[in-house]
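# A look at the structure
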Amino acid sequence: PSPLNIFQNVTIHEDKSTSIVPPDFITGQHLEMRAETELQIVVSACPMDIAFTNGPDRKSKKILLETLSKV
């Protein structure tokens, strides 16, 4: 399946070309998601150091993943 890039910021230009620009998030912001069914999830902190995927410094960032379960 295709990945869901939550923090990656892609600009689509008038000529339909794309470019990766620095993310629009602030350190400390978070995203909360709820699964409606059982699932398997893979999470990756992108190691990209060529494009602006991880910000203008092009360095990988730490992420925190917390899973909660209703039992």
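Quick note: structure is the one above.
Described in the following lines is the structure provided in the data block. (Residues numbered from 1 in each chain as written. Predicted model: local features only at pLDDT ≥ 70, side-chain atom pairs only at ≥ 80, totals over all residues. Heavy atoms only, no water.)

### Let's talk about the pairing of strand S1 (residues 9–12)
The pairing of S1 with strand S2 (residues 18–21) spans four bridges and is antiparallel. Counterpart to Ile12 in the pairing with S2 is Thr18. As consecutive antiparallel partners, S1 and S2 are separated by five residues, and within that stretch Lys16 has a phi angle of approximately 75°, a positive value. (Pairing = 2+ DSSP bridges. Helix = DSSP H or I, 4+ residues; strand = E, 2+ residues; numbered from the N terminus.)

### Concerning unusual backbone geometry
Phi angles above zero are rare outside glycine, and Lys16 is one such case at about 75°. Of note, Lys16 is situated in the loop between S1 and S2. Note on Lys16: relative accessible area 69%, which makes it exposed. A positive phi angle is found at Arg58, which is not glycine, with a value near 55°. Relative accessible area serves as the criterion here: at 33%, Arg58 is assigned to the partly exposed category. (Buried < 20%, exposed > 50% of the residue type's maximum accessible area, 1.4 Å probe, protein only.)

### Points about the packing of aromatic side chains
Here a ring pair, both rings aromatic, is described through the centre-centre distance and the interplanar angle of the planes. Considering all chains together, one arrives at one aromatic pair under this definition. Their ring planes at 55° and their centres at 5.0 Å tell us that Phe7 and Phe25 sit as a pair that is tilted. Note that Phe7 is positioned in the segment before S1 and Phe25 in the segment after S2, a separation of 18 residues in sequence. Judged by relative accessible area, Phe7 falls into the partly exposed class, the value being 42%. Lying across the ring of Phe52, Arg58 places its NZ or CZ 4.2 Å from the centre. (Phe/Tyr/Trp six-rings, centres within 6.5 Å; stacked < 30°, edge-to-face > 60°. Lys NZ or Arg CZ within 6 Å of the ring centre and 35° of its normal.)

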